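Breakdown of the fold
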Amino acid sequence: MTRLISAQYYWQNMTQDIAKQIKMASRQDELVKKIREVHQELRHAYQKDNASLTSIWQDHVKDATSRKKYSDAMLELATECWPSTDNRISWCYSVIRDYFYLGLFQRPVEKFCRINDLPLPSTRGTGHDNHGGKKLETAFTLSAPHVYTERDLSEMLILTVRGSSQLSSEDKVRLLDVGSCYNPFRSFPDLDTLAIDLSPAAQDVHQCDFLSVNLREEGEVGRGENGEIVALPTAHFHAVTLCLVLEYLPAPSQRREMCRRAASVLKSGGLLLIITPDSNSPHRNAPMMRSWKQGLSNLGLHRIKYLKQPHLHCMAFAKLTEPTCQDLLIDDDDFFFIPQDSQPLPASPPPPRTEGDNQAVQNMFDALPF
Ligand SMILES: C[S@@+](CC[C@H](N)C(=O)[O-])C[C@H]1O[C@@H](n2cnc3c(N)ncnc32)[C@H](O)[C@@H]1O
């Protein structure tokens, strides 16, 4: 009897779980559809008339209703449907931690320098440096500076992971999370995060169009009356994240501009982290990834880590050189493309019949001999 009751109880729980999962999956489909619709609308407008990119983007920025629908859907999708152990955010954090606090990127940076005939960094082991009144560990420094100076590098790689949660704000990694939506990096106390978005979905995310915000060489982050960001200093942030943001933009030239701006606000030696979705096998879109790698390297951003997760490409780039003038000569579209750029426009429905069309049909029938 007891067995029968526990089997019944187990069965009930299982069916409830399955029903919950089915409901969740269909809610997820609805949210993804809303998000895709915004991407598609922008892309189709651009495909139809790519000369009007500026006005297409301005109209989108003015369209608060559709952007609000998007940000509500994204917030719900990321916080309620996707698992809390979210891999894209924790991947970015782990790379930032390894790079800045543990100095684990000495090898890839050295390799990059060797291949490109740049001065090699010299290992200082666990030597100590005095930074901001604290004794901090230097992972490595450069024997001779390139665009990155010894000070840049030691500032980049100074912090030990020990006690990093008690660091003062000057010692924390300064992160700019572009297209943050709901500020997922707020849960990491050793990051000093500035979260910005065209359509913020949380109070600690500041409104800002990163494609048009004023970038200035001197000064601080500029804020408007309502907390929106109106200016960002160049060479200021240790790290910039673009998580699922580049594919929002309909034009390859806008994606390139976003990356160029990210490079500009980064300190030399700083990190750009890019996450882009792709459910295909690792090799299917390899040409696209090679192309981005080349485009970013022309902007002075050199890939030091790459991971293909089941639905994502995860990439980390270090700002190690000045942009080459080469990228000015090559067409933007050669680099920052995504597979959706080449999807054909959906066939448009035939235009509705006018009164004139009806009359023409009538006349044709009138002319027939029966
Ligand atoms: C798919 S969501 C990604 C949200 C978050 N990064 C994540 O990984 O969950 C893309 C976000 O990029 C933002 N975005 C697109 N273009 C932007 C721009 N020019 N400036 C700032 N944010 C932008 C959108 O408003 C949207 O919230």
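Bear in mind the structure is a predicted one, so any value in this text is a computation, not a measurement.

All right, on to the overall build of the chain then. Scanning the chain from N- to C-terminus turns up ten helices and 14 strands. Scored against the burial criterion, the 370 residues of the chain give a buried share of 32%. If you take every contact in the chain between residues at least 6 apart in sequence, the share linking residues at least 24 apart comes to 60%.

Looking now at the site of the ligand. Around the ligand sit 20 residues in total, of which Gly179, Cys181, Leu198, Phe210 and Cys243 are the nearest. Contributing elements (two or more residues each) for the shell around the ligand: helix H3 (64–81) and strand E6 (191–197). Sort the elements by how many residues they give to the shell around the ligand and H3 lands first, with three residues. Split by residue class, the shell around the ligand holds 13 nonpolar, four polar and three charged.

All right, on to the sheet that holds E6 then. Spatially, seven strands are ordered E7-E6-E5-E11-E12-E14-E13 in an open sheet, and the strand pairing comes out mixed. Lying at the two open borders of the sheet, with one neighbouring strand each, are strand E7 (206–207) and strand E13 (301–309). Running over the sheet, helix H4 (residues 87–101) touches strand E5 (173–178), strand E11 (237–243), strand E12 (266–277), E13 and strand E14 (312–319) and is turned about 160° from E12.

Ile96, Ile196, Val240, Leu242, Ala262, Leu272 and Leu273 are the most contacted members of the largest nonpolar core, which has 66 residues in total. With eight residues, H4 is the single largest residue contributor to this core. In this structure Ala262 touches Val178, Val240, Leu242 and Leu272, once residues within four positions along its chain are discounted.

Further remarks concern helix H7 (residues 252–265). Between the first and last C-alpha of H7 there are 20 Å, a value that for 14 residues agrees with the 20 Å anticipated at 1.5 Å per step. Those residues of H7 that sit buried are Pro252, Arg255, Arg256, Met258, Cys259, Arg261, Ala262, Ala263 and Val265.

Time to look at the UniProt feature "binding site: S-adenosyl-L-methionine" (unreviewed entry) in the chain. The positions UniProt marks with the feature "binding site: S-adenosyl-L-methionine" (unreviewed entry) are Gly179 and Asp197. Spatially, the listed residues are clustered: although they cover 19 residues, their C-alpha atoms lie within 4.4 Å of one another. Here Gly179 shows up in the loop between E5 and E6. For Asp197, the position within the fold is in strand E6. The exposure class assigned to Asp197 is buried, which follows from the 25 C-beta atoms found within 10 Å. Residues contacting Asp197, with those up to four places away along its chain left out, are Gly179, Ser180, Cys181, Val205 and Gln207.

Let's shift gears to the sheet that holds strand E10 (residues 229–233). The three strands lie next to each other as E8-E10-E9, forming an open sheet whose pairing is mixed. The open sheet has two free edges, formed respectively by strand E8 (214–216) and strand E9 (222–223), since each of these has just one partner strand. Inspection of the sheet shows E8 paired to E10 by three bridges, in the parallel sense. Residue pairing across strands places Asn214 opposite Ala231, the latter belonging to E10.

Another aspect to go through is helix H8 (residues 286–298). Owing to its 3.6 residues per turn, the α-helix brings residues three or four apart onto one side. Taking 1.5 Å per residue, 13 residues should reach 18 Å; H8 reaches 18 Å between its end C-alpha atoms and fits that length. Taken residue by residue, H8 has Trp292, Gly295, Leu296, Ser297 and Asn298 as its buried positions. One or two steps after H8, the chain reaches Gly300, where phi turns positive at roughly 90°.

Right, let's get into the confidence of the model for the chain. Taken as a whole, the chain shows an average pLDDT of 79; of its residues, 71% reach a score of 70 or greater. Across the chain, the secondary-structure element scoring lowest on mean pLDDT is strand E3 (residues 134–137), at 30, and the one scoring highest is E7, at 98. With pLDDT under 50 throughout, residues 122–150 is counted as low confidence; its partners more than four residues away or in other chains account for 62 contacts. Confidence drops under a pLDDT of 50 for residues 153–168, and excluding neighbours within four residues, the segment shows 39 contacts in the predicted structure.

With that settled, the discussion passes to the pairing of E14. Extensive coverage of E14 is indicated by the burial of six of its eight residues. Sheet topology places E12 next to E14; seven bridges connect them, and they run antiparallel. The residue of E14 that forms the bridge with Leu271 is Ala318. Where E13 and E14 come together, eight bridges link them in antiparallel fashion. Bridge pairing in E14 places Arg303 opposite Phe317. Between E13 and E14, which pair antiparallel one after the other, the connecting turn spans two residues.

Moving on: the environment of Leu266. Locating Leu266 in the fold gives a position in strand E12. Linking Leu266 and Thr234, residues 32 residues apart in sequence, is a C-alpha distance of 6.6 Å. In this view, Leu266 contacts Phe237, Val240, Leu272 and Lys319; residues no more than four positions away in its chain are not counted.

Here Gln47 lies in helix H1 (residues 2–48). In the structure, Gln47 is positioned 203 residues away from Pro250 in sequence and 8.5 Å away in space, judged by C-alpha atoms.

Judged by how many residues are buried, E5 sits mostly within the fold: five of six residues are covered. Bridging between E5 and E6 involves six bridges; their strand directions are parallel. Residue Val173 lies in a different strand from E6, and its bridge partner there is Leu191. Pairing analysis gives four bridges linking E5 to E11, with the strands arranged parallel. Its bridge partner being in E11, Leu175 is matched across the sheet by Ala239.

Each value, and the rule that gives it
Residues numbered from 1 in each chain as written. Predicted model: local features only at pLDDT ≥ 70, side-chain atom pairs only at ≥ 80, totals over all residues. Helix = DSSP H or I, 4+ residues; strand = E, 2+ residues; numbered from the N terminus. Buried ≥ 20, exposed ≤ 12 C-beta atoms within 10 Å, placed from the backbone. Contact = placed C-beta atoms within 7 Å. Near = placed C-beta within 6 Å. Nonpolar A, V, L, I, M, F, W, Y, C, P; charged D, E, K, R; others polar. Pairing = 2+ DSSP bridges. Axes fitted to C-alpha atoms, helices over the stretch in contact; angles between N-to-C directions. Core = buried A, V, L, I, M, F, W, Y, C linked by C-beta atoms within 7 Å. Expected span 1.5 Å × (residues − 1). UniProt positions renumbered as here; feature names shortened; annotations may be inferred. pLDDT = per-residue confidence, 0-100.

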